[in-house]
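Below are the chains, spelled out letter by letter.
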Amino acid sequence: MCIDVKSFFASVEAVRRGLDPLEAYIAVVSDLRRAGAVVLASSPRVKLEYNIKTGNRLFEIPKRSPIMVVEPNMALYINVNQAIQNIFRRFVTDEDLHIYSIDESILDVTASLNLFGPAEAIAEAILKTVKDELGLIVTVGIGDNPLLAKLALDNEAKKRPPWIAKWTYEMVPETVWKIQPLTAFWGISRGYDEKLKRMGIYTIEGLAHANPVWLQKTLGVMGSQLYYHAWGLDASIISQKERPKSKSYSKNQILMRDYYVKAEILMIIKEMVGDVCARLRKHQEKCQEVYLGIGYSDRNFNLGFTARIKLVRPEHSTDIISEAAREEFIKRWQGEPVRSVNITAGKIVSEGHEQLELFFEGEEKNHAIDRVVDDLRKRFGKKTIFYAGSMAGGTFLERADYVGGHKGKSE
């Protein structure tokens, strides 16, 4: 079964204020200081009566309305999510639980049927437990496989009480094939929607009856996957989780304003490199390459650039990596207005696997400084030590208390 917490962020904010999540008028917005800030979540009432949904902007929320606009509290949401996962663990083992996102999980209840009864009974028990203990409403899609459970959740369970829907293989013609538009089907993006329509496929039923060889030849592996999914087929087993083939550490930031001053941009890059390197050091790992992504706000220029930086040897030194990123930025930047920055560390290796070289002994000073900084921040908080430039154009001090890119604590 696939379980979703209805309007998760907004519902948590409603409960903490003693309000009914289904009746409250709440919108969670990324930043109340910016009219263009993104709506992260809205309560069911706000969606129904004002059509304000995730992705809308703050300025689109009517000024004269009962809608309570609040900033996110990511630390609280994470704690509530953990409480919900612990409730799920009363019904399934960790092996049969897959956390799909902060508000959605997939449970394989096959091994639990003898203990708790049929899937519908388990769904009702979970729904009641979450409501009684946390005050939240969950919606449950039940299916013969994870795909059918997900489709049942998105296309039926989320829309109306009792918030539970079951789709089986036998029901595919009357459920899966009736999903409209194509983008409402899991795995079909706007891009694939356009490609399918150019191929003369306008419905899921049409997709199911298309030639699978033709689909694969035209769309590649995704064509075959969409064909089988159109028949409700999914062979994945939750307990057989695949390990990621590669590992990376990444930090992305959309800036509050356009940045034109080189020194300010370089400070932001160094701050973000510092965050990524701190994570590498925490896990006793190093990276062999770094990606620097810069996005521009003025579409009269190009969209920005992504630079791949190969390091001489594996590193996790903030100074060494930020200097490499600095050189790459200066080489490519021509004064365009910078609005987003991404730093990604790739080709990760264990700290003890690199070969020490005589000519790099002088760099131990950089590593010693990093260790002191990490220790001070761990003991006394992130703001204990920072670059002087962070006070003039940098964003480190503002982001220090954030969790998941948003405010981590209530003010």
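Please read these numbers as outputs of a predicted model, since none were measured by experiment. (Residues numbered from 1 in each chain as written. Predicted model: local features only at pLDDT ≥ 70, side-chain atom pairs only at ≥ 80, totals over all residues. Heavy atoms only, no water.)

**Considerations on the overall build of the chain**
What the chain contains, in helices and strands, is 14 helices and 14 strands. A fraction of 64% describes how many contacts in the chain between residues 6 or more apart in sequence connect residues 24 or more apart. Per element, the accessible surface of the chain, about 22,000 Å² overall, is 53% carbon and sulfur. (Helix = DSSP H or I, 4+ residues; strand = E, 2+ residues; numbered from the N terminus. Contact = heavy atoms within 4.5 Å. Areas by Shrake-Rupley, 256 points an atom, 1.4 Å probe, with all protein chains shown as cover.)

**Concerning the pattern of salt bridges**
Counted by the stated rule, this structure contains 24 salt bridges. One salt bridge in this structure joins Arg-34 and Asp-31, with 4.0 Å as the shortest N-O distance. The salt bridge partner of Glu-133 is Arg-90, with a shortest N-O separation of 2.8 Å. With Glu-133 in helix H5 (residues 119-134) and Arg-90 in the loop between helix H3 (74-88) and strand E5 (97-101), the pair connects residues that are 43 residues apart, well separated along the chain. Take Glu-133: its relative accessible area is 46%, and that puts it in the partly exposed class. Each of Glu-104, Lys-150, Asp-154 and Lys-158 takes part in a single network of salt bridges with overlapping partners. (Salt bridge = Lys/Arg side-chain N within 4 Å of Asp/Glu carboxyl O. Buried < 20%, exposed > 50% of the residue type's maximum accessible area, 1.4 Å probe, protein only.)

**Here we look at the pairing of strand E6 (residues 104-107)**
Neither face of E6 is open: one carries Glu-104 and Ile-106, the other Ser-105 and Leu-107, and all of them are buried. Bridging between strand E1 (residues 2-5) and E6 involves three bridges; their strand directions are antiparallel. Note that in E6 the partner of Ile-3 across the bridge is Ser-105. As defined by bridge partners, E5 adjoins E6 across four bridges and the pair is classed as antiparallel. Counterpart to Ser-101 in the pairing with E6 is Glu-104. Turn length for the E5-E6 hairpin, with the two strands adjacent in sequence and antiparallel, is two residues. (Pairing = 2+ DSSP bridges.)

**What about the nonpolar core?**
Within the largest apolar cluster, 36 residues are counted, with the highest numbers of intra-cluster contacts made by Met-1, Ile-3, Phe-8, Val-28, Leu-107, Ile-126 and Leu-136. Residue contacts for Phe-8: discarding those within four places in its chain leaves Tyr-77, Val-80, Asn-81, Ile-84, Ile-102, Asp-103 and Leu-136. Among the nonpolar cores identified, the runner-up in size contains 32 residues, and Leu-151, Val-172, Val-176 and Leu-207 belong to it. (Core = buried A, V, L, I, M, F, W, Y, C linked by side-chain atoms within 4.5 Å.)

**Topic: the sheet that holds strand E3 (residues 39-42)**
An order of E3-E2-E4 is seen for the three strands of this open sheet, with the pairing classed as mixed. One side of each edge strand has no neighbouring strand; the edge strands of this open sheet are E3 and strand E4 (68-70). Adjacent strand axes in the sheet meet at a mean angle of 20° when their direction is disregarded. Summarising the sheet, strand E2 (residues 26-29) and E3 pair through three bridges and their orientation is antiparallel. The partner of Ala-27 across the bridge, within E3, is Ser-42. In the packing of helix H1 (residues 8-16) onto the sheet, contacts are made with E2, E3 and E4, and the angle to E2 comes to roughly 120°. (Axes fitted to C-alpha atoms, helices over the stretch in contact; angles between N-to-C directions.)

**A look at the packing of H3 against H5**
Relative to each other, H3 and H5 sit at 140°, their axes nearing to 10 Å. Judged on the interaxial angle alone, H5 and H3 are oblique. Where H3 crosses over H5, the two elements pack in a sense that is right-handed. Each of Val-80, Ala-83, Ile-84, Ile-87 and Phe-88 in H3 lies in contact with H5, whose residues at this interface are Ile-126, Thr-129, Val-130, Glu-133 and Leu-134. Considered class by class, the residues forming the contact of H3 with H5 number eight nonpolar, one polar and one charged. (Parallel < 35°, antiparallel > 145°, perpendicular 65-115°, else oblique. Left-handed = near helix turned anticlockwise from the far one by under 90°. Nonpolar A, V, L, I, M, F, W, Y, C, P; charged D, E, K, R; others polar.)

**A closer look at unusual backbone geometry**
With omega at 10°, the peptide bond leading from Pro-161 into Pro-162 counts as cis. Tracing the backbone through its elements, the reader meets Pro-162 in the loop between helix H6 (146-157) and strand E8 (164-167). In this model, Gln-180 is joined to Pro-181 through a cis peptide bond whose omega is -5°. The topology assignment puts Pro-181 in the loop between E8 and helix H7 (190-198).

**Let's talk about a nonpolar patch on the surface**
Residues Tyr-169, Tyr-228, Trp-231 and Leu-233 make up a contiguous nonpolar surface patch of about 380 Å² in total accessible area. Note that Tyr-169 resides in the loop between E8 and H7. A relative accessible area of 36% places Tyr-169 in the partly exposed class. (Patch = residues over 30% accessible without salt bridge, like charges linked within 9 Å, V, L, I, M, F, W, Y side chains within 5 Å.)

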